[in-house]
Amino acid sequence: MVNRARIAAKSAARRSTFARRVLAALLAASLLPAAASSVEARDPLLAYGARIVGDDARTRIVIDFDREPRFSVHYIANPERIVVDLPATAFGFPAKDLAARGLFKDIRYGKMDEESARIVLTTAGPVKLALAKVQANEAGNGHRLVLDAEMIDKKAFAELVKTQSWNEAAQTTSAIPAPQKAAPGDFVIAVDAGHGGIDTGAIGVDTKTEEKQVTLAFAKALTDRLNKEPGIKAFLTREDDEFLSLSQRVLIARQNHAGLFISLHADTLKQKDIRGATVYTISDKASDKLAADLAERENLSDQIAGKETVAEPPEVADILLDLTRRETQAFSISLAESVLNSFKDQVGTINNPHRHAGFRVLQAPDVPSILLEIGFLSNAEDEKLLLDEAWRGKIAGLLTDAVKRYRAAVMANGG
């Protein structure tokens, strides 16, 4: 037993050293440019190992850290989830080491903002943590977080949710920046990089590149290109790898008095032969099943990040959609058509490239908004283009031309 413990301790030490070297190499090679300054400045925890064992009655998760982590646990219903909040953490273990099994049907982890990270455990039914503790590794080279989950009944889970103390709203307010300053008469545009932080989005079919990285690269390229135009002020809803809720993205655009909101995405489809760009506008009824399915997936972003779902009365949602339809829908459609005109003979599009559905991120009642699927990471040819810097520059130029034509039309009509 002693020999086995020593061997295990040496193995853990080797994993820790290896993970640190890998992380350092990635940063040195600038493969993680957005995270580099954060890692250096704030010295996040390193989660260098993970394992999960058990069955559908009891499941254990163990995560190895380079030093003692502070953590808190919360429960969310509809669907049932366990949320583990951590300080800023770099996750350096392979995703397969924490693949969902046993009581958990989905496990997500990642950055929330510069100060925090999160693990979201979506459960197969009502579950509680019978044990949640941090203990020192035997070799003295770090600490491990041990989570033991067990089944409970629905009544007991509801009581956990009801009696816990957790002000999620207070945790997210700081992520919303102060309004950007623009000169009088400037045409302000919010450029929204879809996904981010714990919400990775889609994964590339060949390179396994995460959608959140693709959208941020395109958003930065578009913002830089737009800001070269006189009278146009563009800004990013997120500037690095952080999570923003769908409502925060809308609020950021409105706080900055944006005249346009462009949300960039690169999804995946089961049909890997489908490729090309698509422009979506909001509607209370989806134009087709593809649009409906995409909107459903995109609207799950908050749930993936362990955000509590606040149910709005149906009449409130109806009023919001009605306002959007009456006051901004025509402008949103005009922008979508301008984008597709720019793409004509320059960028491939899917059949019927202007579609619509109930995207929550497009619900600002006073900001014309589009969601642009630049291409599909599920298609190998699209994936190559999405990772091409020259292609990003071309798309940014075409979108800028579309915005300029849209703006000219609005101004000509007295807008």
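Just so it is clear, the structure is predicted and the values come from calculations on it, not from any experiment.

Engineer: Any chance you could explain the overall build of the chain here in plain terms?
Structural biologist: Scanning the chain for helices and strands turns up eleven helices and 15 strands. The burial tally for the chain puts 48% of its 415 residues in the buried class. Within the chain, contacts between residues separated by at least 24 positions form 76% of all contacts whose residues are at least 6 apart in sequence. Accessible area of the chain: about 19,900 Å², with a carbon and sulfur share of 53%.

Engineer: Looking at this model, I keep getting lost on helix H11 (residues 389–412). Mind explaining?
Structural biologist: Helical periodicity: at 3.6 residues per turn, an α-helix aligns residues three or four positions apart in one direction. With 24 residues, H11 should reach 34 Å at 1.5 Å per residue; the first-to-last C-alpha distance of 35 Å fits that figure. With a side-chain oxygen positioned 2.8 Å from the backbone nitrogen of Ala390, the residue opening H11 is Asp388.

Engineer: Hey, could you run me through the sheet that holds strand E2 (residues 58–65) in this one?
Structural biologist: Each strand in a sheet pairs with its neighbour through backbone hydrogen bonds, running either in the same direction (parallel) or in the opposite one (antiparallel). The five strands are arranged E5-E1-E2-E9-E8 in an open sheet whose pairing can be described as mixed. Two strands in the sheet have a free side with no partner beyond their single neighbour: strand E5 (89–91) and strand E8 (127–136). Sheet twist, expressed as the mean angle between neighbouring strand axes with direction ignored, is 25°. Summarising the sheet, strand E1 (residues 45–54) and E5 pair through three bridges and their orientation is parallel. Paired with Leu45 across the two strands is Thr89, which belongs to E5.

Engineer: How should the packing of aromatic side chains be read in this particular structure?
Structural biologist: Each aromatic ring pair is summarised here by two numbers: the centre-to-centre distance and the angle between the ring planes. All chains considered together, the criterion is met by six aromatic pairs. Seen in terms of ring centroids, Phe91 and Phe93 are 6.1 Å apart; in terms of plane orientation they differ by 90°. Their pairing is edge-to-face. A relative accessible area of 6% means that Phe93 is categorised as buried. Through a chain of ring-to-ring contacts, three or more aromatic side chains come together here, namely Phe91, Phe93 and Tyr109.

Engineer: Explain the confidence of the model for the chain here, please?
Structural biologist: Detailed reading of predicted coordinates is not advised where the pLDDT is low. On average, the chain scores 84 in pLDDT, and the residues at 70 or more come to 81%. This stretch, residues 1–41, has a pLDDT under 50; its non-local contacts, to residues over four places away or in other chains, come to 28 contacts.

Engineer: I'm lost on the nonpolar core in this one. Help?
Structural biologist: In summary, soluble globular proteins display a tendency toward joint burial of nonpolar side chains. Membership of the largest hydrophobic core comes to 40 residues, with the highest contact counts inside it found for Ile189, Val191, Leu264 and Phe343. When residues of this core are traced back to their parent elements, those giving at least two are strand E10 (187–193), helix H5 (211–226), strand E11 (232–236), strand E12 (260–265), strand E13 (277–282), helix H9 (314–343), strand E15 (369–373) and H11. With nine residues, the single largest contributor to this core is H11. With sequence-adjacent residues up to four places away left out, Ile189 is seen in contact with Leu226, Ile232, Lys233, Ala234, Phe235, Leu260, Ile262 and Val403. Counting 26 residues, the second-largest nonpolar core is a separate cluster that includes Ala50, Ile63, Ala149 and Ile152.

Engineer: Whenever I open this one, the packing of H5 against H11 confuses me. Can you help?
Structural biologist: The relative placement of two packed helices comes down to the angle between their axes together with the axis-to-axis distance. Look at H5 against H11: their axes get within 9 Å of each other, and the N-to-C directions meet at 50°. In this view, H5 runs oblique relative to H11, as classed from their interaxial angle. The two elements H5 and H11 cross, and the hand of that crossing is right-handed. Facing H5, whose interface residues are Ala217, Phe218, Ala221, Leu222, Arg225 and Leu226, H11 presents Trp391, Arg392, Ile395, Ala396, Gly397, Leu399, Thr400 and Val403. Its residues assigned to classes, the contact of H5 with H11 comprises ten nonpolar, two polar and two charged.

Engineer: Please explain the sheet that holds E12 as it appears in this structure.
Structural biologist: Pairing is mixed in the open sheet, where six strands are placed in the order E11-E10-E12-E15-E13-E14. One side of each edge strand has no neighbouring strand; the edge strands of this open sheet are E11 and strand E14 (349–357). Ignoring strand direction, the axes of neighbouring strands in this sheet form an average angle of 20°. Where E13 lies against E14, five bridges are found, and the strand directions are parallel. Residue pairing in the sheet places Ile282 in a bridge with Ala357 of E14. Here H5 sits on the sheet in contact with E10, E11 and E12, set at roughly 165° to E10. Helix-sheet contacts for helix H7 (residues 289–298) involve E12, E13, E14 and E15, and the interaxial angle to E14 is about 60°.

Engineer: Please explain the environment of Glu242 as it appears in this structure.
Structural biologist: Inspection of the secondary structure puts Glu242 in the loop between E11 and helix H6 (246–255). For the pair formed by Glu242 and Gly110, sequence separation is 132 residues and the distance between their alpha carbons is 9.0 Å.

Engineer: How should unusual backbone geometry be read in this particular structure?
Structural biologist: Glycine aside, a negative phi is what most residues show, and trans is what most peptide bonds show. Here the bond from Asn78 into Pro79 is cis, since omega is 0°, no more than 30 degrees from zero. The residue Pro79 is located in the loop between strand E3 (72–76) and strand E4 (81–87) in this model. The backbone of Lys208 shows a phi angle near 65°, a positive value even though the residue is not glycine. In this structure, Lys208 sits in the loop between E10 and H5. The phi angle at Asn352 is positive, at roughly 50°, despite the residue not being glycine.

Engineer: What is the right way to look at the environment of Leu377 in this model?
Structural biologist: Along the polypeptide, Leu377 turns up in the loop between E15 and helix H10 (380–386). Here Leu377 falls in the buried class, since its relative accessible area comes to 0%. The spatial distance from the C-alpha of Leu377 to the C-alpha of Thr207 is 9.4 Å, given a sequence separation of 170 residues.

Engineer: What is the right way to look at the environment of Arg81 in this model?
Structural biologist: You can see Arg81 is positioned in strand E4. Residue classification places Arg81 among the buried positions, given a relative accessible area of 0%. Taking the C-alpha atoms as reference points, Arg81 and Thr123, 42 residues apart in sequence, are found 5.7 Å from one another. Polar contacts involving the side chain of Arg81 include one to the main-chain carbonyl oxygen of Gln303, which spans 3.1 Å.

Conventions we followed
- Residues numbered from 1 in each chain as written.
- Predicted model: local features only at pLDDT ≥ 70, side-chain atom pairs only at ≥ 80, totals over all residues.
- Heavy atoms only, no water.
- Helix = DSSP H or I, 4+ residues; strand = E, 2+ residues; numbered from the N terminus.
- Buried < 20%, exposed > 50% of the residue type's maximum accessible area, 1.4 Å probe, protein only.
- Contact = heavy atoms within 4.5 Å.
- Areas by Shrake-Rupley, 256 points an atom, 1.4 Å probe, with all protein chains shown as cover.
- Expected span 1.5 Å × (residues − 1).
- Polar contact = N/O pair within 3.5 Å; in protein donor to acceptor, adjacent residues only side chain to side chain.
- Pairing = 2+ DSSP bridges.
- Axes fitted to C-alpha atoms, helices over the stretch in contact; angles between N-to-C directions.
- Phe/Tyr/Trp six-rings, centres within 6.5 Å; stacked < 30°, edge-to-face > 60°.
- pLDDT = per-residue confidence, 0-100.
- Core = buried A, V, L, I, M, F, W, Y, C linked by side-chain atoms within 4.5 Å.
- Parallel < 35°, antiparallel > 145°, perpendicular 65-115°, else oblique.
- Left-handed = near helix turned anticlockwise from the far one by under 90°.
- Nonpolar A, V, L, I, M, F, W, Y, C, P; charged D, E, K, R; others polar.

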